[in-house]
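# Observations on chain architecture
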Amino acid sequence: MSGWVRSLAPAQSPGGKAGHDPPSVHRTPGRLVAFSDAVFAVAVTLLVLEIRPPTDYGNLLHGLAVLWPSYLAYALTFLFIGQVWANHHVMFDHIRAADRVILFLNTLLLMIVVFLPFATSVLAGALRSGHGHRTAVVFYGLAFDAAALTFNAVWRYARRHRLLSDTLDAAGATAIGRRFQLALAWLTAGALLGLLIPVLGVAVIAAFNIFYWLPIRGESPRAPS
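### Focus on the packing of aromatic side chains
Overall, the coordinates contain 14 aromatic pairs when judged by the stated rule. With 6.0 Å between their ring centres and 90° between their planes, W155 and F180 make a pair best called edge-to-face. Note that W155 is positioned in helix α6 (residues 133-160) and F180 in helix α7 (residues 170-196), a separation of 25 residues in sequence. The same class applies to W155 and to F180, which are both buried. By the ring-pair criterion, three or more aromatic residues cluster together here, those being F80, Y140, F144, W186, F208, F211 and Y212.

Right, here's the structure in full:
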């Protein structure tokens, strides 16, 4: 009986805690970044598949013009996924090792990124139909918010467990962390404003996309001493 109970206990690596890699393991994040890049590429490709061409070619110009909600949602989400990809690279420029928790948190982030084309389709459909604007904008904003939340989780875990490289100083790590925290607050504000004034919520999310393409001081790796 005791042997059976022990077999159900979490496995503990020599020299480490249960569920964590031992201190001697230094798994570089190269494969994680390569896999993430592939998922980002798939996600942005799926976005254009949500734009359905007009069915009435007798009035094609009008048919293309009324698709403006799809164009808007496509552009917003493409730029959002693009800046998530860019900031993901910034983050993993400084993460020197990827343990199982980092792998899991990054997988959650990618799961949300692949969900964004669906949220985009919902927003575009609501704008085209003229109904459900508040619900669609809040849903869209919360999907973005979930991506920001997992982004923060990866960074905070890596920093707390000293998985950052020596090419990033404390000031740079703090600046990057604050930037990620601001993203969470910004997108939450966009979702809440969308509940009150849908157009304003979309505008806040659009402004977020523009701002987060800008670099910040200290984010680039320093030359190793």
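The discussion continues.
### Focus: helix α2 (residues 30-49)
With 20 residues, α2 ought to run about 28 Å at 1.5 Å a step, and its terminal C-alpha atoms sit 30 Å apart, in line with that. Turning to α2, its buried residues number three or more, namely L32, V33, S36, V39, F40, A43, V44 and L47. Mapping the buried residues of α2 onto a view down its axis gives an arc of 135°, with all of them on the same face. Away from its buried face, by an angle of more than 90 degrees, α2 presents the exposed residues R31 and F35. In the core, the buried residues of α2 are packed alongside α4 (68-94) and α5 (100-129).

### Some remarks on a nonpolar patch on the surface
On the surface, Y57, L60, L64, W68, Y71 and L72 cluster together into a nonpolar patch covering about 580 Å² of accessible area. Counting residues per element, the ones that place at least two in the nonpolar patch are α3 (60-65) and α4. Per-element tally for the nonpolar patch: the top contributor is α4, with three residues. With respect to the helices and strands, the residue L72 is situated in helix α4. Residue class for L72 comes out partly exposed when judged on its relative accessible area of 34%.

### Description of unusual backbone geometry
If you check the backbone angles, R162 has positive phi at about 55° while not being a glycine. Here R162 is to be found in the loop between α6 and α7. R162 gets classed as exposed once you look at its relative accessible area, which sits at 71%.

Thresholds, definitions, all that
- Residues numbered from 1 in each chain as written.
- Predicted model: local features only at pLDDT ≥ 70, side-chain atom pairs only at ≥ 80, totals over all residues.
- Heavy atoms only, no water.
- Phe/Tyr/Trp six-rings, centres within 6.5 Å; stacked < 30°, edge-to-face > 60°.
- Helix = DSSP H or I, 4+ residues; strand = E, 2+ residues; numbered from the N terminus.
- Buried < 20%, exposed > 50% of the residue type's maximum accessible area, 1.4 Å probe, protein only.
- Expected span 1.5 Å × (residues − 1).
- Arc of directions from axis to C-beta.
- Contact = heavy atoms within 4.5 Å.
- Patch = residues over 30% accessible without salt bridge, like charges linked within 9 Å, V, L, I, M, F, W, Y side chains within 5 Å.
- Areas by Shrake-Rupley, 256 points an atom, 1.4 Å probe, with all protein chains shown as cover.
- Salt bridge = Lys/Arg side-chain N within 4 Å of Asp/Glu carboxyl O.

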